[in-house]
Amino acid sequence: MPPSLRRGTVTAVVERLEGLARIEVDGEPCVAYPRVTGPVEPGDEVIVNVQARELGLGTGGFDVLYVNLTRGLELAADPGAHVMTLPYTPLQAAVRHVEEDGALAESLEGMPVVCCSLHSQLAPACAGIGNALRVAYIQLSGGALPVSLSDSLRALKKRGLVEVGIATGACIDGDLQAVGVASALAWARAEGFAVAVCSVGPGIVGTASALGHGGVSAAEAANAASALGGSPVLAVRVSEGDSRERHQGVSHHTRAVLDLAIGDVTVAWPAGLEAPEWLAVREEVDVAGWREACAGLPLEHMGRGPDEDPWFFASAFAAGRLAGRLAG
């Protein structure tokens, strides 16, 4: 599985954000992660991974900077770091992990954990929780690995709806790094967070099969939460606008998560929407005012917004509202 690499020159820096730079290399759109590959400036000689764009994949609208030959060589590891992320790959790097810097909670003591199978559920779920509670975002493998790619997370942090973003497992470039979802949850509880929201990063791995998709990471989060004495709340993936049969109504991704969950999981369901007969065990949640609560946040799923697919966003909001109620 070789990457498709090309040499090029940075012709423009379009936007600089926290942890992310949107640039152009020889006129083609590209993203760079300065905390991973170093700073980037116009005129830099770089090597970029072009494979996704050349294959025309859903995640292929831009290239990814692989190495900056001008100013990205001989970068130092994080101070005091010796545990590798992406170990034994060409991108392995030492990062300080939360497990090294303090005791973890032995129990979540009922802390609600919202489990999302898609990153586009993150913003409405956090809007449902509101900004009266401390919220930690935990990114799971199954979509984009860099936490810093998420525009939603930046918007939520700016609005005070999320305090910190934690990269777990193969995910990288968060505010903090944890070995896995279990230790990330235990750290969040030890640090006094009231709610954790778990999700894959932007985009999702998918093979159109029952279990071969990134959404199953939500089951991993739910199982870890249950085992640690937390209260997992599932954000149901539901759509009236998706043209694919497997995602119409309640997606098969949600069924897969429930099939894989080995502990009790509360399924949040938006009141006013008819539920399928097989989803008999659920808790209906009043989602009145969800549009107002989400106003100004990035709401988009597969090119559809709140007007095109309202129940998708309302169902994620329901999970957040229920979690906020449980934490309160």
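A brief look at the structure comes next. (Residues numbered from 1 in each chain as written. Predicted model: local features only at pLDDT ≥ 70, side-chain atom pairs only at ≥ 80, totals over all residues. Heavy atoms only, no water.)

With that out of the way, let us pick up the pattern of salt bridges. Oppositely charged side chains are able to pair whenever their charged atoms sit close together. This model, assessed by the stated rule, comprises 18 salt bridges. Notably, a salt bridge pairs Glu-18 with Lys-157, separated by 3.4 Å at the nearest N-O pair. You can see Glu-18 sitting in the loop between strand 1 (5-17) and strand 2 (20-25) and its partner Lys-157 sitting in helix 4 (residues 151-158), a full 139 residues away along the chain. By relative accessible area, Glu-18 is classed as partly exposed at 41%. What makes Lys-157 partly exposed here is its relative accessible area of 23%. In this structure, Arg-189 and Glu-109 form a salt bridge, with 3.0 Å as the shortest nitrogen-oxygen distance. On the criterion of sequence distance, the pair formed by Arg-189 in helix 5 (residues 181-190) and Glu-109 in the loop between strand 7 (93-94) and strand 8 (112-115) is long-range, its members being 80 residues apart. Salt bridges sharing common partners tie together Glu-15, Arg-22, Asp-151 and Arg-154. (Salt bridge = Lys/Arg side-chain N within 4 Å of Asp/Glu carboxyl O. Helix = DSSP H or I, 4+ residues; strand = E, 2+ residues; numbered from the N terminus. Buried < 20%, exposed > 50% of the residue type's maximum accessible area, 1.4 Å probe, protein only.)

Around the barrel, which closes on itself, the 5 strands sit in the order 1-2-3-5-4 with mixed pairing between neighbours. On average, each strand axis in the sheet is inclined to that of its neighbour by 55°, with strand direction left out of account. Relative to strand 4 (residues 45-49), strand 1 is paired through 5 bridges, and the arrangement is antiparallel. The residue bridging Leu-5 from the neighbouring strand is Asn-49, located in strand 4. (Pairing = 2+ DSSP bridges. Axes fitted to C-alpha atoms, helices over the stretch in contact; angles between N-to-C directions.)

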